[in-house]
Amino acid sequence: MMERNETLEILEIGDPRLRQRAEYVNDIKQARELCRKMVSTLRHVKGDGLAAPQVGKSIRTFVVETKKTELFPNRQESPLYTIINPKIIKVSKEKEYDWESCFSVPGLIGLVERHKSILLRYITIDGEQREEKFEGYPARVIQHEYDHLCGIIYLDKLKTKNHLYTAENWIKYALKK
Ligand code: ZN
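Below, the structure is looked at part by part.

## Things to note about the sheet that holds strand β1 (residues 49-51)
Alright, step 1. Spatial strand order, β1-β2-β3-β6-β7: five strands in an open sheet with antiparallel pairing. Where the open sheet ends on each side, the last strands, each with one partner, are β1 and β7 (129-135). Averaged over all neighbouring strand pairs, the angle between strand axes comes to 40°, with direction disregarded.
Alright, step 2. Across four bridges, strand β2 (residues 61-64) lies against strand β3 (residues 81-91) in antiparallel orientation. Bridging from a neighbouring strand, F62 pairs with I83 of β3.
Alright, step 3. Packing against the sheet, helix α1 (residues 28-44) makes contact with β1, β2, β3 and β6 (117-123), and its axis sits at approximately 35° to β2.
Alright, step 4. Here helix α2 (residues 136-149) sits on the sheet in contact with β1, β2, β3, β6 and β7, set at roughly 155° to β2.

As structure tokens, this is what we get:
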């Protein structure tokens, strides 16, 4: 029982492991236990997405589960996705800006441009290959997590440093009430 709820330590920027290119998963069964712990960790920190490199495992897997929050009551919700060996095979020309934060970049929020929709090919936790279209906020989170597999942090994507806020100042100055 205790193992099921085990949460993992999340690495923060400056840790070189966040900048590595993650390896393909060859053995889905071996990735399963890690994925389960990543889901526990994601729910524990109340996040929308978590990639394996963030917990110090340089393999191509991430978990996504988007939820409405007090600050984002209109956010699009998604079921839990455990994504292994993903490949973004198509992106929409249309892009949009929205706010992102990252547990590896504590205390900050930034405005990031992402493709509005993507077509993703990936392996499920049951080892099935799937192709699925994602739109809006879940598509954004997937692009953010996908970047982690390439050693990219959302800070790298900011068009200007003026798009970066502390969480406190974001509530004070950027949040539309
Ligand atoms: Zn992140």
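Continuing now.
## Notes on the coordination of the zinc ion
Alright, step 1. Taken together, the protein ligands of the zinc ion are C102 (SG), H144 (NE2) and H148 (NE2), with distances of 2.0 to 2.2 Å.
Alright, step 2. Written as a sequence motif, the donor arrangement for the zinc ion is C-x41-H-x3-H. Residue C102 is located in strand β4 (residues 95-102), and its partner H144 is located in helix α2; the two are separated by 42 residues in the primary sequence.
Alright, step 3. Residue class for C102 comes out buried when judged on its relative accessible area of 6%.
Alright, step 4. Judged by its relative accessible area of 6%, H144 is buried.

## Observations concerning the state of the cysteines
Alright, step 1. Considering all chains together, one arrives at zero disulfides under this definition.
Alright, step 2. The thiol of C35 is not disulfide-bonded; the next cysteine sulfur, from C150, is found 17 Å away.

## Points about the sheet that holds strand β5 (residues 105-115)
Alright, step 1. Pairing is antiparallel across the open sheet formed by three strands, whose spatial order is β4-β5-β8. Looking at strand neighbours, the two that pair on one side only are β4 and β8 (164-166), the edges of this open sheet. Each strand of the sheet is rotated relative to its neighbour by a mean of 25°, with strand direction disregarded.
Alright, step 2. The sheet contact formed by β4 and β5 spans seven bridges and is antiparallel. In the strand pairing of β5, W99 is matched with L111.
Alright, step 3. Against the sheet, α2 touches β4 and β5, its axis set at about 60° to β4.
Alright, step 4. With respect to the sheet, helix α3 (residues 167-174) is in contact with β4, β5 and β8, its orientation differing from that of β8 by roughly 105°.

Parameters at a glance
- Each chain has its residues counted from 1, running along the sequence as written.
- It should be noted that, the model being predicted, local features are given only for residues of pLDDT at least 70 and side-chain atom pairs only at 80 or more, the latter also being counted only at that level, while totals for whole chains, interfaces and linings use all residues.
- Derived side-chain values reflect all non-hydrogen atoms in the structure, with water molecules and hydrogen atoms excluded from consideration.
- Two strands qualify as a pair provided that DSSP identifies no fewer than 2 bridges between them.
- The way it works is that DSSP assigns letters per residue, a run of H or I at least four long becomes a helix, a run of E at least two long becomes a strand, and they are numbered from the N terminus.
- Here an angle of 0 to 180 degrees is reported between the N-to-C directions of two axes, which are lines fitted to C-alpha atoms, with helices fitted over the stretch in contact.
- Any two residues whose heavy atoms approach within 4.5 Å at even a single point are treated as in contact.
- Donor atoms are limited to N, O and S found within 2.8 Å of the metal ion, a distance that becomes 3.2 Å for Na, K and Ca. With water left out, some sites might look partial.
- Using a 1.4 Å probe on the protein chains alone, a residue whose accessible area is under 20% of its type maximum counts as buried, one over 50% counts as exposed, and one in between counts as partly exposed.
- By definition, disulfides here are pairs of cysteine sulfur atoms that lie within 2.5 Å.

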